[in-house]
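# Residue-level structural notes
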Amino acid sequence: MHKKNKLIRYNMKEIDWANLSFGYMKTDYNVRINFRNGAWGELEVSSDEHLNLHMAATCLHYGQEAFEGLKAFRGKDGKVRIFRLEENAARLQSTCQGILMAELPTERFKEAILKVVKLNERFIPPYETGASLYIRPLLIGTSAQVGVHPADEYMFVVFVTPVGPYFKGGFSTNPYVIIREYDRAAPHGTGIYKVGGNYAASLRANKKAHDLGYSCEFYLDAKEKKYIDECGAANFFGIKNNTYITPKSTSILPSITNKSLMQLAEDMGIKVERRPIPEEELETFEEAGACGTAAVISPIQRIDDLENGKSYVISKDGKPGPICTKLYNKLRGIQYGDEPDTHGWVTIVE
């Protein structure tokens, strides 16, 4: 079923692919699947950017809203590759279990992702530009109700937009700042789920960090304020003594990028540890990075603790370290088809 709306006729030759921002650009189509009467319906294709929502929908009142983020890449060989979509499907299902929403089966998730990428293939940036097609799946409760309980009806939507690097400098080091006065998520709360509320909780700290001249904020654990949690909306990792160390916490979103980097580190003979990381251990790291779908790896130049007058300088020369660089290049190579996909992470769009 197609819902028609006026398509924008871009002159694709005029798009400056190499200088895209990490922002929204209208593309031709999005896809939708509705859950009603206990079952998921047929996939619908729409060119309308808007959703028709009841004002009492649970997503608007009680936060029954989840989303994912993944990317499609055009390779040197012309093939289009989507990175780890089954992992995104599994994480969305975990979120659904966490906030009691209808779970979308992996095959239906995959059907929607492949469909929307094919429909918008002209918006997948050329290989040599370093840009990609960002894919945003969204799941919302749509039932009209005012009692606090799970919805009976849901809508799954996927839209895409071409994006450039998340940080303007691309793969270069950035300064971060520890913010203690705000928590992004609490232990045993919704931090392990990809829900909008966690991001809303980060906005004030993020603005403060930017106002102070930093790329992003750093969170300590909400319970004791002793251990490294997340950096902005990304996972943290540190490198020392040929070991990749990343926090273990009940309030951190399980990053698919971090999971992939841990595997690649092991492949390279680097030991991997997931454990609590006390703040003072920051001064012992030889390299460190923030990792996620948007930036892959954002190497950390330094982390400032303004309250205690400390500055943990990770990159003494201001450049990304050798292990961060190797991991970044390897992961990007797999995404673009330049490196062998030995773990079966990539889905090729036929």
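As a starting point, this report considers the structure included with it. For clarity, every value in this text was computed on a predicted model and none was experimentally measured.

### Things to note about helix 6 (residues 256–267)
- Between its first and last C-alpha, helix 6 extends 17 Å over twelve residues, near the 16 Å set by a 1.5 Å rise per residue.
- For helix 6, the complete set of buried residues consists of Ile256, Thr257, Asn258, Ser260, Leu261, Met262, Leu264 and Ala265.
- The opening residue of helix 6 is Ser255, an N-cap whose side-chain oxygen sits 3.2 Å from the backbone nitrogen of Thr257.
- Backbone geometry just after helix 6 places Gly269 at a positive phi near 85°.

### What about the pattern of salt bridges?
- Under the defined criterion, the tally for this structure stands at 21 salt bridges.
- For Asp77, the salt bridge goes to Arg81, with nearest N and O atoms at 2.7 Å.
- According to the relative accessible area criterion, Asp77 is partly exposed, its value standing at 45%.
- For Arg81, a relative accessible area of 9% corresponds to the buried category.
- Ionic pairing is found between Lys208 and Glu181, a salt bridge with its closest N-O pair at 2.2 Å.

### Details of empty space enclosed by the protein
- Applying the stated criterion across every chain yields a total of two cavities of 30 Å³ or more.
- In this structure, the largest cavity encloses a volume near 130 Å³.
- As for the largest cavity, its lining consists of 15 residues, and the residues nearest its centre are Lys71, Phe83, Thr257, Thr293 and Gln335.
- Going through the elements one at a time, strand 6 (70–74), helix 2 (85–98), helix 6 and helix 7 (322–336) are the ones with two or more residues in the lining of the largest cavity.
- The space that makes up the second largest cavity amounts to roughly 40 Å³.
- Lining the second largest cavity, in full, are Tyr182, Asp183, Arg184, Ala185, Tyr219, Leu220 and Asp229.

### Section: unusual backbone geometry
- Phi at Arg84 takes a positive value of approximately 55°, unusual for a residue other than glycine.
- The backbone of His188 shows a phi angle near 65°, a positive value even though the residue is not glycine.
- On the accessibility criterion, His188 (71% relative accessible area) is exposed.

### Some words on a nonpolar patch on the surface
- There is a patch of nonpolar side chains on the surface, built from Tyr62, Val146 and Val148 and spanning about 330 Å² of accessible area.
- A relative accessible area of 71% means that Val146 is categorised as exposed.

### Considering the packing of helix 2 against helix 3 (residues 106–119)
- Put simply, helix 2 and helix 3 touch, their axes get as near as 9 Å, and they point 125° apart. Between helix 2 and helix 3, the angle falls in the class oblique. Seen from above, helix 2 lies across helix 3 with right-handed handedness. Between helix 2 and helix 3, the contacting residues are Leu85, Glu86, Asn88, Ala89, Leu92 and Gln93 on the first element and Thr106, Phe109, Lys110 and Ile113 on the second.
- Considering only residue class, the contact of helix 2 with helix 3 consists of five nonpolar, three polar and two charged.

### A look at the environment of Glu86
- Secondary-structure assignment places Glu86 in helix 2.
- By relative accessible area, which is 35% here, Glu86 ends up partly exposed.
- For the pair Glu86 and Glu217, spaced 131 residues apart in the sequence, the C-alpha separation amounts to 30 Å.
- Look past the residues within four positions of Glu86 in its chain and what remains in contact with it is Thr106, Lys110 and Thr347.

### Looking at the side chain of Ser215
- Of note, Ser215 is situated in the loop between helix 5 (203–211) and strand 11 (216–220).
- With a relative accessible area of 16%, Ser215 lands in the buried category.
- Reaching out from Ser215, the side chain makes a polar contact with the side chain of Asn174 at a distance of 3.0 Å.

### Observations regarding the packing of aromatic side chains
- By the definition in use, this model includes 14 aromatic pairs.
- Summarising the aromatic geometry, the rings of Tyr24 and Phe159 are spaced 5.9 Å apart at their centres and angled 80° between planes, so their arrangement reads as edge-to-face. Of this pair, Tyr24 sits in the loop between strand 1 (2–3) and strand 2 (30–36) while Phe159 sits in strand 9 (residues 154–163); the two residues are 135 residues apart in sequence, bridging distant segments of the chain.
- Ring centres 5.9 Å apart and planes at 90° place the aromatic pair Phe83 and Trp345 in the edge-to-face group. Note that Phe83 is positioned in strand 7 (residues 80–83) and Trp345 in the loop between helix 7 and strand 19 (346–349), a separation of 262 residues in sequence.
- By way of ring pairs, the aromatic residues Tyr176, Phe218, Phe236 and Phe285 are connected into one cluster.
- Positioned above the aromatic ring of Phe285, the side-chain terminus of Lys240 is 5.5 Å from the ring centre.

Reading guide: rules and limits
For every chain, the first residue of its written sequence is number 1, and the numbers climb from 1 along that sequence. In keeping with the model being predicted, local features are shown solely for residues with a pLDDT of at least 70 and side-chain atom pairs are shown and tallied solely at 80 or more, while totals for entire chains, interfaces and linings include all residues. Only hydrogens and water are removed before side-chain values are computed, so all heavy atoms of the structure are retained for them. Working definition: helices are DSSP H or I runs of at least four residues, strands are E runs of at least two. Numbering for both runs from the N terminus. To estimate how far a helix should extend, the number of its residues minus one is multiplied by 1.5 Å. Partly exposed residues are those whose accessible area sits between 20% and 50% of the maximum for their type, while under 20% is buried and over 50% is exposed, using a 1.4 Å probe and protein chains only. For this analysis, a polar contact is any N or O atom pair within 3.5 Å, provided that within protein one partner can donate a hydrogen and the other can accept it, and provided that sequence-adjacent residues contribute only side-chain to side-chain pairs. The term salt bridge refers to a side-chain nitrogen of Lys or Arg lying within 4 Å of a carboxyl oxygen of Asp or Glu. A cavity here means a set of points on a 1 Å grid, drawn over the protein atoms and nothing else, where a 1.4 Å probe fits but cannot get out; a pocket is an open set with protein on both sides within 12 Å along at least five of seven lines, and a residue lines either one if it has an atom within 4 Å of a point. Grid points are joined across faces, edges and corners, and a volume is the space filled by probe spheres set on the points. The patches reported here contain residues having more than 30% relative accessible area and no salt bridge. Joining distances are 9 Å for like charges and 5 Å for nonpolar side chains (Val, Leu, Ile, Met, Phe, Trp, Tyr). Residue exposure ignores everything except the shown protein chains as possible cover, and the areas themselves are Shrake-Rupley values with a 1.4 Å probe. Interaxial angle, 0 to 180 degrees, is taken between N-to-C directions of lines fitted to C-alpha atoms, where a helix line uses only the stretch in contact. Roughly parallel means an angle under 35 degrees; roughly antiparallel, over 145; roughly perpendicular, 65 to 115; everything else is oblique. Left-handed describes a crossing in which the near helix is turned anticlockwise from the far one by less than a right angle; the clockwise case is right-handed. Whether two residues are in contact is decided by their heavy atoms: any pair within 4.5 Å suffices. Classes in brief: Ala, Val, Leu, Ile, Met, Phe, Trp, Tyr, Cys and Pro nonpolar; Asp, Glu, Lys and Arg charged; the others, Gly included, polar. Aromatic contacts are taken between Phe, Tyr and Trp rings whose centres are within 6.5 Å, Trp giving its six-membered ring; a plane angle under 30 degrees counts as stacked, one over 60 as edge-to-face, and the others as tilted. Here, over-ring charges are defined by two tests on the NZ atom of lysine or the CZ atom of arginine: distance to the ring centre within 6 Å, and angle to the ring normal within 35 degrees.

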